[in-house]
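Chain and residue survey
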Amino acid sequence: MSGKTVNLTRNKRLKELQSMAGYMAERLANKVPPCKVVEVDGHKITALWYSSPGSAIMYKTLAISSPFEDWRAITALGQMGSTANIDGLEIPVADEDTFLFFALNIK
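Note that the structure is predicted; figures quoted are calculated from it, not measured.

Structurally, P67 can be placed in the loop between β3 (58-66) and β4 (69-73). Along the sequence, P67 and G54 sit 13 residues apart, while their C-alpha atoms lie 31 Å from each other.

What follows concerns the nonpolar core. The biggest cluster of nonpolar side chains holds 22 residues, and the ones touching the most others in it are Y50, L62, I64, I74, I91, F99 and F102. For this core, the secondary-structure elements that each account for two or more residues are α1 (3-29), β2 (43-51), β3, β6 (89-92) and α2 (96-105). Excluding residues that lie within four positions of it along the chain, F102 makes contacts with A21, A25, L62, I64 and I74.

Notably, D41 is not glycine yet its phi reads approximately 50 degrees, a positive angle. Tracing the backbone shows D41 in the loop between β1 (37-40) and β2. In this model, D87 sits at a positive phi of 50 degrees, which is unusual for a non-glycine residue.

Note that A21 resides in helix α1. Separated by 53 residues in sequence, A21 and I74 have C-alpha atoms that sit 6.7 Å apart.

Another point: the pairing of strand β5 (residues 83-86). Pairing between β5 and β6: 4 bridges, direction antiparallel. Within the sheet, the bridge partner assigned to N85 lies in β6 and is E90. Remark: 2 residues form the turn of the hairpin made by β5 and β6, two consecutive strands paired antiparallel; D87 in that turn has positive phi of roughly 50 degrees.

To continue, consider the pairing of β4. Sheet analysis places β3 next to β4, joined by 3 bridges and oriented antiparallel. Opposite A63, over in β4, you have A73 as the bridge partner. The hairpin formed by β3 and β4 contains 2 residues between the paired strands.

Calculation criteria
- Residues numbered from 1 in each chain as written.
- Predicted model: local features only at pLDDT ≥ 70, side-chain atom pairs only at ≥ 80, totals over all residues.
- Heavy atoms only, no water.
- Helix = DSSP H or I, 4+ residues; strand = E, 2+ residues; numbered from the N terminus.
- Core = buried A, V, L, I, M, F, W, Y, C linked by side-chain atoms within 4.5 Å.
- Buried < 20%, exposed > 50% of the residue type's maximum accessible area, 1.4 Å probe, protein only.
- Contact = heavy atoms within 4.5 Å.
- Pairing = 2+ DSSP bridges.

Next up, the structure:
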């Protein structure tokens with residue numbers, strides 16, 4: 001198997017992980033009471049509402065922070081580690097390590 005094939009397969013799997021984790025996070029966010037924060041292995045997890053100051057767009061999902069990072073959303077709306085911008089709504093998307101942490105620890 002060539003390096004390019006391995007990289008394409010890995011990227012496809014990461015997108016699948018992000019899609020499934022994002023779906024689960026959105027579903028769970030609707031069941032979490034407001035302002036409830038859970039700590040798991042030094043990471044804090046909560047449901048956050050993201051809203052755009054210039055429009056009525058709102059989005060709710062789970063977000064994770066660690067001692068070294070601010071809150072990052074578990075979502076499939078943007079590339080891992082980037083900031084998704086949807087009609088002025090900016091959502092900081094979790095990086096690969098955070099998605100893996102979420103997938104391994106969500107119960």
